[in-house]
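Coordinate analysis (summary)
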Amino acid sequence: MSTFSAPKGTFDTLPPASAEFLAVRDTLVAPLRRAGYGYIETPTFEDTTVFARGVGESTDVVSKEMYTFTDRGGRSLTLRPELTAGLMRSFIEHRLYSGALPVKLWSVGSVFRYERPQAGRYRHFTQVDVEALGVDDPALDAELVALATQGYRDLGLTGFELLLTSLGDETCRPQYRELLVEFLAKLDLDEETRARAALNPLRVLDDKRPEVQAQLADAPLMVDHLSDSTRAHYDAVREHLTDLGVTWTEAPRLVRGLDYYTKTTFEFVHDGLGAQSAIGGGGRYDGLSAALGGPDLSGIGYAVGVDRTLLAIRAEGLDVVTSPGVQAFVVPLGAAAKSFAVRLVGQLRAAGVSADTVYGDRGLKGAMKAADRSGATHAVVVGDRDLAEGVAQLRDLRTHEQVAVPLGELFDRVRATVGA
Ligand code: HAM
């Protein structure tokens, strides 16, 4: 019978590399906990309309990349291609807006996009997602950008750059859009690009083809046409960012892949990743709540791609500090020692010491190899003869020094030695 592989564009995360994945994820989350963000978990799938309306029909994400299916009850559901729309659906459904604002949330989980797989671009990947809902305050925009920056810094990353711009809002974007449409109408564009321009002209600015970019050199830019209120907002964000010690690059042509953005918009790119250089991104989305049937409340957020961040770490040759495997390893030799080992490991674990032992008949050599691989600093080596003498050997796996410890003292000695 043939065996199976993980579906195209997906991969398994296996130990020991999975420890790095967890460490990266947790490091990205730590600044959020410190800043008072609360954990939220929403379903991996939502009503298709949540994304169609939330993310926007003109985006590749919605028009080409969604995993949409009809369930047995005839409902159209979609595996989430991002977390923001689902979090907003939850915020509205549970009327979180009736409490204190902003509501600060973080989540982490699987995201699905039917993209053409390549290095750093997968069909199943993981995002750490952060949202602050219900308050339009430039200081909040700066807080989110600073939190994302902190996460990358805590991982030791240096090769990343923050691209920042303002996409305006309903006080200036419609007028700008008209200007851009007029400008694009005069260009020599193929039909597909014209169709894209009709849906969302801003997206044309993002066209990577040199012949298109050449024609766009004099395109009007949103930042030159911001209304007084959105300009003041953007200026305030930049002042706060400076106060927070965050540096950025102005990116007036930045176009995000999702349609809900207004005002502050940003992306983090890393120079070691080739084409898929974005390791995170986000922005303000003042119309999303209303678009999903909620109150007219603003929000701002970002998501970091955990998998791409891990690639960036590898590209910089950084070590991820992973929590070591177990602290103590018990090696039994003989049947009585086996029972003793099972009991001791159980007691150690119950007392908060991470511990492991060997299973199956491994022999002394195999068992010591397992002890070395376990990450433990100390092993308890105990044979039936030791037990008869009322001792066990406590071995330092780094120095190979070994002392006989009376059984009555063993538990406390192990705990004290491994620092638990
Ligand atoms: P996004 O820019 O679409 O934003 O995705 C955020 C990050 O997810 C990207 O910067 C990238 O690191 C990672 N990512 C995206 N697609 C893939 C892929 N195919 N394979 C691997 N990694 C990928 C959002 O999703 C917004 N929901 C962010 C946000 C939150 N905006 C406001 N709040």
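Residues numbered from 1 in each chain as written. Predicted model: local features only at pLDDT ≥ 70, side-chain atom pairs only at ≥ 80, totals over all residues. Heavy atoms only, no water.

**Quick word on a positive patch on the surface**
The following threshold applies: Each patch is built from residues that are more than 30% exposed by relative accessible area and take part in no salt bridge. Like charges join if they lie within 9 Å; nonpolar side chains (Val, Leu, Ile, Met, Phe, Trp, Tyr) join within 5 Å. What sets the accessible areas is the Shrake-Rupley method with a 1.4 Å probe; for residues, cover comes only from the shown protein chains. Definition used for salt bridges: Asp or Glu carboxyl oxygen within 4 Å of a side-chain nitrogen of Lys or Arg. Only four residue types enter the tally: Lys and Arg on the positive side, Asp and Glu on the negative side, with His and both chain ends excluded. Charged side chains are reduced to one point each, which is NZ for Lys, CZ for Arg, CG for Asp and CD for Glu. Counting from the N terminus, the helices are the DSSP runs of H or I reaching at least four residues and the strands are the DSSP runs of E reaching at least two.
The grouping of Arg-362, Lys-365, Lys-369 and Arg-373 at the surface amounts to a positive patch. With respect to the helices, strands and loops of the structure, Lys-369 is situated in helix α13 (residues 363–373).

**Digging into the sheet that holds strand β14 (residues 378–383)**
Where strands meet in a sheet, backbone hydrogen bonds hold them as pairs that are either parallel or antiparallel. This is how it is decided: Between any two strands, pairing holds if DSSP finds at least two bridges. Axes, fitted as lines to C-alpha atoms, cover a helix only where it is in contact. Angles between the N-to-C directions of the axes lie from 0 to 180 degrees. It only takes one pair of heavy atoms within 4.5 Å for two residues to be counted as in contact.
Strand order across the open sheet formed by 5 strands is β13-β12-β14-β15-β16, with mixed pairing between neighbours. The open sheet has two edge strands with one neighbour each: β13 (355–357) and β16 (402–406). Across the sheet, the axes of successive neighbouring strands diverge by a mean angle of 25°, strand direction being ignored. Across the sheet, helix α12 (residues 335–350) touches β12 (328–333), β13 and β14, and the angle it forms with β12 is around 165°.

**Some details on the site of the ligand**
Where we set the bar: Any residue with a heavy atom lying within 4 Å of a molecule or strand is counted as near it. Residues were grouped as follows: Ala, Val, Leu, Ile, Met, Phe, Trp, Tyr, Cys and Pro as nonpolar; Asp, Glu, Lys and Arg as charged; and all remaining residues, including Gly, as polar.
Within the structure, the ligand sits among 27 residues, and Glu-82, Arg-113, Glu-115, Arg-256 and Tyr-261 are positioned closest to it. By residue number, the principal contributor to the shell around the ligand is strand β10 (residues 278–284), which donates 6 residues. Split by residue class, the shell around the ligand holds 10 nonpolar, 9 polar and 8 charged.

**So, the pattern of salt bridges**
Note the threshold: Only protein chains enter the accessibility calculation, which uses a 1.4 Å probe. A residue is then buried if its area is under 20% of the maximum for its type, exposed if over 50%, and partly exposed in between.
Enumeration over the complete set of coordinates arrives at 25 salt bridges. A salt bridge links Asp-235 to Arg-231; the shortest N-O distance between them is 3.9 Å. Taken together, the residues span about one helical turn, with Asp-235 and Arg-231 both in helix α9 (residues 228–243) at a distance of 4 residues. For Asp-235, a relative accessible area of 31% corresponds to the partly exposed category.

**Here we look at the UniProt feature "binding site: L-histidine" (unreviewed entry) in the chain**
Here is the rule: UniProt positions are given in the numbering used here, feature names are shortened, and annotations may be inferred rather than shown by experiment.
Here, UniProt's "binding site: L-histidine" (unreviewed entry) annotation points to Glu-82, Leu-83, Thr-84, Arg-113, Gln-127, Glu-131, Arg-256, Tyr-260 and Tyr-261. On the secondary structure map, Thr-84 appears in helix α4 (residues 84–93). What makes Thr-84 buried here is its relative accessible area of 7%. Apart from residues lying up to four places away in sequence, Thr-84 is in contact with Asp-129, Glu-131, Tyr-260, Tyr-285 and Leu-288. Looking at the secondary structure, you find Tyr-261 in the loop between β8 (249–250) and β9 (262–270). With residues up to four places along the chain from it excluded, the contact list for Tyr-261 reads Leu-167, Arg-173, Arg-256, Gly-282, Gly-283, Arg-284 and Tyr-285.

**Quick word on the packing of aromatic side chains**
The description of two aromatic rings rests on the distance between their centres and on the angle between their planes. Rules: Pairing of aromatic rings covers Phe, Tyr and Trp, the last through its six-membered ring, and needs centres within 6.5 Å; plane angles under 30 degrees mean stacked, over 60 mean edge-to-face, and all others mean tilted.
A full pass over the atoms with the stated rule returns 12 aromatic pairs. Between the aromatic rings of Tyr-152 and Phe-160, the centroid separation amounts to 5.2 Å while the plane-to-plane angle is 50°, which identifies the pairing as tilted. With relative accessibility at 0%, the residue Tyr-152 sits in the buried group. On the basis of an interplanar angle of 80° and a centroid distance of 6.1 Å, the ring pair of Phe-266 and Phe-268 is categorised as edge-to-face. In this structure an aromatic cluster arises from ring pairing among Tyr-152, Phe-160, Phe-266, Phe-268 and Tyr-302.

**Observations concerning the nonpolar core**
Note the threshold: What we call a nonpolar core is a set of buried Ala, Val, Leu, Ile, Met, Phe, Trp, Tyr and Cys residues that are connected through their side-chain atoms within 4.5 Å.
Ranked by internal contacts, the top residues of the largest apolar core, which has 88 residues, are Tyr-37, Phe-268 and Tyr-302. Per-element accounting of this core gives the leading share, 8 residues, to helix α5 (residues 138–154). Not counting the four nearest positions on each side in its chain, Phe-268 is found in contact with Val-145, Ala-148, Thr-149, Tyr-152, Phe-160, Glu-161, Leu-162, Ser-277, Ala-278, Ile-279 and Gly-280.

**Some words on the domain arrangement of the chain**
Put simply, the rule reads: Domain extents, as shown, originate in an automatic or database domain assignment.
For the chain, the assigned domains read domain 1 (16–171 + 227–316) and domain 2 (328–419). Centre-to-centre, using C-alpha coordinates, domain 1 lies 47 Å away from domain 2.

**Description of the pairing of β10**
Among the 7 residues of β10, 6 are classified as buried, and the element is accordingly described as predominantly covered. Sheet analysis places β9 next to β10, joined by 6 bridges and oriented antiparallel. Bridge pairing in β10 links Thr-265 to Gly-283. The pairing of β10 with strand β11 (residues 299–305) spans 5 bridges and is antiparallel. Residue pairing in the sheet places Gly-280 in a bridge with Val-304 of β11.

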